[in-house]
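If you want the building blocks of each chain, they are given just below.
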Amino acid sequence: EKGWQLLLNYVYGHPNSSVLLLPYGSAVNLINHDEHKFNAVVRWSNSTQHRGRNWPETMSIDELRAMDKSGLMLEFVATRDISPGEEIFINYGPEWQQAWDSH
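Residues numbered from 1 in each chain as written. Predicted model: local features only at pLDDT ≥ 70, side-chain atom pairs only at ≥ 80, totals over all residues. Heavy atoms only, no water.

A look at the overall build of the protein
- Helix and strand content of the protein: three helices and six strands.
- Overall, the protein shows an N-to-C arrangement of helices and strands of α-β-β-β-β-α-β-β-α.
- Counting every position in the protein, which comprises 103 residues, the buried fraction comes to 20%.
- Carbon and sulfur atoms make up 52% of the accessible area of the protein, which amounts to about 7,900 Å² in all. (Helix = DSSP H or I, 4+ residues; strand = E, 2+ residues; numbered from the N terminus. Buried < 20%, exposed > 50% of the residue type's maximum accessible area, 1.4 Å probe, protein only. Areas by Shrake-Rupley, 256 points an atom, 1.4 Å probe, with all protein chains shown as cover.)

This is the structure:
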């Protein structure tokens, strides 16, 4: 159970779905949470390779799974200029903060 909880600290979900998305890459582990001084946001990718942008509103998980190219893609975008060496923060949201505070 402890391993499952640890995994949940690093995934993103959608309130209308049970699917959890785990971002991966060399830099994603360096992005942390700050509710007030965040300098980046996570959003659906604007890439033309992103084929699942309308999920879950117009696409089922089976349709998404059947895709032969990249389905769901997230991107981290700076909300302002970030200086070299400055830590990158995103706001994980109030549900995460409440869970953290009550843990």
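Remarks on the environment of H36
- For H36, the position within the fold is in the loop between β3 (31-33) and β4 (40-44).
- Through-space distance from the C-alpha of H36 to that of F89 is 9.3 Å; in sequence the pair is 53 residues apart.

So, the layout of surface pockets
- In this structure, the second largest pocket occupies an estimated 310 Å³ of space.
- Every residue along the wall of the second largest pocket is listed here: L21, L22, P23, Y24, G25, S26, A27, V28, L72, M73, L74 and F76.
- Per-class residue counts for the lining of the second largest pocket are 10 nonpolar, two polar and no charged. (1 Å grid on protein atoms, 1.4 Å probe; cavity = no way out; pocket = protein on both sides within 12 Å on 5 of 7 lines; lining within 4 Å. Points joined across faces, edges and corners; volume = space filled by probe spheres on them. Nonpolar A, V, L, I, M, F, W, Y, C, P; charged D, E, K, R; others polar.)

Thoughts on the side chain of N39
- Following the sequence through the fold, N39 ends up in the loop between β3 and β4.
- A relative accessible area of 1% means that N39 is categorised as buried.
- A polar contact of 2.8 Å, which involves the side chain of N39, links it to the backbone nitrogen of F89.
- Apart from residues no more than four positions distant in its own chain, N39 is found in contact with V77, A78, T79, R80, I82, E86, E87, I88 and F89. (Polar contact = N/O pair within 3.5 Å; in protein donor to acceptor, adjacent residues only side chain to side chain. Contact = heavy atoms within 4.5 Å.)

Side note on the pattern of salt bridges
- Summed over all chains, the structure comprises two salt bridges.
- The partner of R43 in a salt bridge is E75, and the shortest N-O contact between them spans 2.8 Å. One end of the pair, R43, is in strand β4; the other, E75, is in strand β5 (residues 74-78), and 32 residues separate them in sequence. (Salt bridge = Lys/Arg side-chain N within 4 Å of Asp/Glu carboxyl O.)

Observations concerning the confidence of the model for the protein
- Per-residue pLDDT for the protein has a mean of 78; in total, 81% of the residues score no lower than 70.
- For the protein, helix α1 (residues 2-8) is the element with the lowest average pLDDT, namely 60, and strand β6 (residues 88-90) is the one with the highest, namely 94. (pLDDT = per-residue confidence, 0-100.)

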